[in-house]
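Given next are the chains, with one letter for each unit.
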Amino acid sequence: MSHSAEGTVTPSLHDASLKSAVAKAARHLMPMLVILYFVAFLDRTNVGFAEAALRTDRGVSDGAFALGAGIFFIGYALFEIPSNLLLKRFGARFWLARIAITWGIVAAAFSFTTNDTMFIVLRFLLGVTEAGLFPGVIMFLSDWFPNKVRVQMFAIFYLAQPFSQMIGAPLSGGLISFGDSLTPWHGWQVMFFAEGMLAVIAGVAALFLLTNSPAEATFLEQDEKNALSNAMAVEDRLRTEDGPSGIWRALSNWKVWYFTIIYFALQIAVYGTTFYLPQQVSGLIGLKVGWQVGLITAIPWLVGLFACYFFGRAANTLTRRRNWGTLFYLGTGVFILGSAWAGANNLPLLGILFITLAVSSFLSVGPITWSYPTAFLTGTAAAAGIGLINSLGNLGGFVAPLMRTGINAAVPTATGVWGVVSLGVFAFLAALMIWLTKYFRRAKSDDLLHDEAVAPGH
């Protein structure tokens, strides 16, 4: 422990018990959380692998596919804040497990899709049942890990995205090929059912492997429980003093809305790229969507995995978070525009390179972005504020496919270049907004990021 200028005892990560507690918590909690988000991201985006097959086998139109791909986020947005508040009431262990089990059942039901209406309804229900997973985990990690290491934990959690695409892309393509050739069902049916059941299994496992708070953790010694509980109590008090209190004040807080806009811009880039990545790679290399396209599609996510972890681990000061966040948002926009240019000029290798850099940029900036609201939100204000940021921000995932499809229809090109260009523009707005945070009054819990605040004996 150390003492601030005001006499406040602040936690030091050089304290042996606290350092040990953080390391044990990461080992025991993070694998299960990564698995949950891995399966969630897989079930959100595997629809891209079934687009052509659904059109051929069930007559699902391009418009219905675009609406269904995006309407997921309407259900997600409507039930996000209520789900977060219920998580606070029932505890993260039970509620995160409930979310996984119910969304897994809905995801598996996609194998029975018969027409446009059923596809759209199931996508909406998938959003409803998954609502609360991501912000629930963000709140959960904010209650377990001090500010100094929180972006690192967010980054580990974010690794589920590249894992789900790196492993999930060839898995989805492989299940389609397996189903078409070795089962009496269509390949896309096998893919949806198998990947939906993975979520159900993960949800059951979460009931046994997650722990609601440090005080309840059987894997911590008593001195470790005390050290971690005390450290988080200090941060919680600072966030309570610094941020809004209660649900309605959080929902009307201008900073919450500021970061909602930033996250909205990020999600347009993420989902506008992710939903159509198999088709974009297919167009670049001239092959049908299958296992080969799946393997190549995994390359950007493999590189992004290392970038996300490295920068998340190193983003332990306010200056790094702001400067790197600005650069990564700029990079996201520039590289998305570069991938559109490469596609329009029939340059497949350059196109894959730009896609890889874009994915690495938006994966690295996500954990950094979440460090800002979790520095001043706690309790029910965190449940409401983080829920609002994630739910309305994720509407970028609803807007992105419709915007991309609409622009391509209005300005048709052989490669759909203008639809891709539209995605990159929003990243530039986010870059400006993150950079402008240098003029904000610093959150009190961000003082704990300074070396002098965590060095022993100061």
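Residues numbered from 1 in each chain as written. Predicted model: local features only at pLDDT ≥ 70, side-chain atom pairs only at ≥ 80, totals over all residues. Heavy atoms only, no water.

Chemist: Give me the lowdown on the overall build of the chain, citing residues and values where you can.
Modeler: Counting secondary structure elements, the chain contains 21 helices and two strands. Over its C-alpha atoms the chain spans a radius of gyration of 22 Å, differing by no more than 12% from the 23 Å that the globule rule assigns to 458 residues. Taken over the C-alpha atoms alone, the chain extends approximately 70 × 45 × 35 Å along its principal axes. For the chain, the proportion of its 458 residues judged to be buried stands at 60%. Partitioning the contacts of the chain with sequence separation of at least 6, the portion at a separation of at least 24 is 81%. As displayed, the chain has an accessible area near 17300 Å², and 68% of this comes from carbon and sulfur atoms. (Helix = DSSP H or I, 4+ residues; strand = E, 2+ residues; numbered from the N terminus. Rg over C-alpha atoms; globule rule 2.2 N^0.38 Å. Buried < 20%, exposed > 50% of the residue type's maximum accessible area, 1.4 Å probe, protein only. Contact = heavy atoms within 4.5 Å. Areas by Shrake-Rupley, 256 points an atom, 1.4 Å probe, with all protein chains shown as cover.)

Chemist: Kindly report on helix α11 (residues 222-242), identifying the contributing residues and their values.
Modeler: The end-to-end C-alpha distance of α11, which contains 21 residues, comes to 30 Å, matching closely the 30 Å that a straight helix rising 1.5 Å per residue would cover. Those residues of α11 that fall on the buried side of the exposure criterion are Glu224, Lys225, Ala227, Leu228, Ala231, Met232, Val234, Glu235, Leu238, Arg239 and Asp242. (Expected span 1.5 Å × (residues − 1).)

Chemist: Tell me what's going on with helix α18 (residues 379-393), and back it up with residues and numbers.
Modeler: The end-to-end C-alpha separation of α18 is 21 Å, in line with the 21 Å expected for 15 residues at 1.5 Å each. The buried fraction of α18 amounts to 12 of the 15 residues, a majority that puts the element mostly inside the structure. Among the residues of α18, Ala381, Ala382, Ala383, Ala384, Gly385, Ile386, Gly387, Leu388, Ile389, Asn390, Ser391 and Gly393 are the ones counted as buried. Where α18 is buried, its residues touch α3 (62-90), α6 (133-144), α12 (247-251), α13 (254-274), α17 (348-371) and α19 (395-410).

Chemist: Describe the nonpolar core, listing the residues and the values that go with them.
Modeler: Membership of the largest hydrophobic core comes to 129 residues, with the highest contact counts inside it found for Leu96, Trp103, Trp144 and Phe145. Looking at this core element by element, the count peaks at 17 residues for helix α1 (residues 16-45). Apart from the residues lying within four places of it in its own chain, the contact partners of leucine 96 are Leu33, Leu36, Leu87, Gly132, Leu133, Val137 and Leu210. Residues Ala358, Val420, Val421 and Leu423 belong to the second largest nonpolar core, which totals 11 residues. (Core = buried A, V, L, I, M, F, W, Y, C linked by side-chain atoms within 4.5 Å.)

Chemist: So, the packing of aromatic side chains: which residues are in play, and what are the values?
Modeler: Under the counting rule described, the total for this entry stands at 31 aromatic pairs. Three or more aromatic residues joined by ring pairs form one cluster here, namely Tyr37, Phe41, Phe134, Phe157, Tyr158, Tyr263, Trp301, Phe362 and Trp370. Residue placement shows arginine 98 over the ring face of tryptophan 95; its charged tip is 4.4 Å from the ring centre. Between the NZ or CZ atom of lysine 255 and the centre of the ring of phenylalanine 376, over which it lies, the distance is 5.4 Å. (Phe/Tyr/Trp six-rings, centres within 6.5 Å; stacked < 30°, edge-to-face > 60°. Lys NZ or Arg CZ within 6 Å of the ring centre and 35° of its normal.)

Chemist: Give a detailed account of the packing of α3 against α6, specifying residues and quantitative values.
Modeler: As a packed pair, α3 and α6 sit with axes 9 Å apart at the nearest point and diverge in direction by 35°. Along this stretch, α3 crosses α6, giving a crossing that reads as right-handed. Side by side, α3 and α6 meet where Tyr76, Glu80, Asn84, Leu87 and Lys88 of the first sit next to Phe134, Pro135, Gly136, Met139 and Asp143 of the second. Looking at the contact of α3 with α6 residue by residue, the classes come out as five nonpolar, two polar and three charged. (Axes fitted to C-alpha atoms, helices over the stretch in contact; angles between N-to-C directions. Left-handed = near helix turned anticlockwise from the far one by under 90°. Nonpolar A, V, L, I, M, F, W, Y, C, P; charged D, E, K, R; others polar.)

Chemist: Any chance you could break down the confidence of the model for the chain for me, citing the residues and the numbers?
Modeler: Parts of the prediction with low pLDDT should not have their coordinates interpreted in detail. Residues of the chain with pLDDT of at least 70 account for 92%, and the chain-wide mean is 85. Within the chain, helix α21 (residues 451-454) has the poorest average pLDDT of any element, 40, and helix α4 (residues 92-109) the best, 95. Overall, residues 1-8 carries pLDDT values under 50, and its contacts beyond four positions in sequence, including any with other chains, amount to 18 contacts. Here residues 451-458 is a poorly scored stretch, pLDDT under 50, and it has 21 contacts once near neighbours within four places are set aside; other chains count. (pLDDT = per-residue confidence, 0-100.)

Chemist: How would you sum up the side chain of glutamine 161? Please name residues and give values.
Modeler: Within the secondary structure layout, glutamine 161 lies in helix α8 (residues 160-166). Discounting residues that sit within four places of it in the chain, glutamine 161 has contacts with Tyr37, Phe41, Val270, Trp301 and Leu363.

Chemist: Please give an account of the pattern of salt bridges that cites residues and values.
Modeler: Applying the stated rule across the entire model yields six salt bridges. Close ionic contact of lysine 24 with glutamate 224 constitutes a salt bridge, the shortest N to O distance being 3.1 Å. Placement of lysine 24 in helix α1 and of glutamate 224 in helix α11 is noted, with a sequence separation of 200 residues between them. A relative accessible area of 17% means that lysine 24 is categorised as buried. The exposure class of glutamate 224 is buried, given its relative accessible area of 5%. The partner of arginine 150 in a salt bridge is glutamate 235, with the nearest N and O atoms 2.5 Å apart. Placement of the pair is arginine 150 in helix α7 (residues 147-158) and glutamate 235 in helix α11, with a sequence separation of 85 residues. Judged by its relative accessible area of 1%, arginine 150 falls in the buried class. Owing to a relative accessible area of 1%, glutamate 235 belongs among the buried residues under this scheme. (Salt bridge = Lys/Arg side-chain N within 4 Å of Asp/Glu carboxyl O.)

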